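Fold and contact review
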Amino acid sequence: MDASTSHRSAGMPRLVSLALLLAGLCYPFAVYFGMEYLSPRLIAVLLGALWLLRLLGGPRSAMLRGSAVVALGFCALIGLADDQTLLRWYPVLINLALLAVFASSLASGLPIVERLARLSEPDLPPRAVRYTRKVTWVWVGFFIVNGGIATVLTLWAPLAWWTLYTGLIAYLLMGTLFAVEWLVRQRVRRLA
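Residues numbered from 1 in each chain as written. Predicted model: local features only at pLDDT ≥ 70, side-chain atom pairs only at ≥ 80, totals over all residues. Heavy atoms only, no water.

Remarks on the packing of aromatic side chains
In this description, an aromatic ring pair is defined by two values, namely the gap between the centres and the angle between the planes. All chains considered together, the criterion is met by 9 aromatic pairs. Seen from their ring centres, Phe102 and Trp139 are 6.3 Å apart, and the 40° between their planes marks the pair as tilted. Of the two residues, Phe102 is situated in helix α5 (residues 90-108) and Trp139 in helix α7 (residues 126-156); the sequence distance between them amounts to 37 residues. Look at Phe102 and you get buried, because its relative accessible area is 12%. (Phe/Tyr/Trp six-rings, centres within 6.5 Å; stacked < 30°, edge-to-face > 60°. Helix = DSSP H or I, 4+ residues; strand = E, 2+ residues; numbered from the N terminus. Buried < 20%, exposed > 50% of the residue type's maximum accessible area, 1.4 Å probe, protein only.)

So this is what it looks like as structure tokens:
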């Protein structure tokens, strides 16, 4: 394998991850506007293809591989049932997957927020390690609440409300949490 082939194959997982991110961001609106023109089966095939590429691209951890397998199973279920109501469960599934990743990282001893922090600062002081554990717990709480709201909207709300929350409000809440955490982190650093 030459250098250009190696570089292209290394970039493919990033491209697939970006495509999955964009698909996730656009998904509620695709469901809302596409239900009239697209079959659930077609949406499932397109989403499933991205998850299959993600799985074949080699997610590093067993948890990420497991999440990809569950997402593929969900896409297969939608494809087989060809049922529009199942499409609304995807944001709930994503929240459950993120909850599992964050919560399992707390149990494994190296919280995901600490892993991310160590990318830029490998030698974290003990105070920062405790802080990253607390932030990971905050994200666990966020995914519980966000997934709960998405579940309630999936079960009982009109499609427009579900679309508004899962396609906009949830991302605004997530962005707000990121921003608040960043401000708190800056303050903690100054006080250290």
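Brief notes about the pattern of salt bridges
Any two side chains of opposite charge can pair, so long as their charged atoms come close to each other. What the rule picks out here adds up to 3 salt bridges. In this structure, Arg118 and Glu114 form a salt bridge, with 2.9 Å as the shortest nitrogen-oxygen distance. Residue Arg118 and its partner Glu114 are located together in helix α6 (residues 112-120), separated by 4 residues, close to a single helical turn. Here Arg118 falls in the partly exposed class, since its relative accessible area comes to 28%. Among the ionic pairs, Glu181 bridges to Arg185, the shortest N-O distance being 2.7 Å. (Salt bridge = Lys/Arg side-chain N within 4 Å of Asp/Glu carboxyl O.)

Quick notes on unusual backbone geometry
Phi at Asp82 is positive, roughly 50°, even though this residue is not glycine. Following the sequence through the fold, Asp82 ends up in the loop between α3 (62-81) and α4 (84-87).

Remarks on the confidence of the model for the protein chain
For residues with low pLDDT, the predicted coordinates do not support detailed interpretation. Per-residue confidence for the protein chain gives a mean pLDDT of 88; residues scoring 70 or more make up 93%. By mean pLDDT, helix α1 (residues 3-34) is the weakest element of the protein chain at 77, and α7 is the strongest at 95. Note on residues 3-7: pLDDT under 50 across the span, and 1 contact to partners over four residues away in sequence or across chains. (pLDDT = per-residue confidence, 0-100. Contact = heavy atoms within 4.5 Å.)

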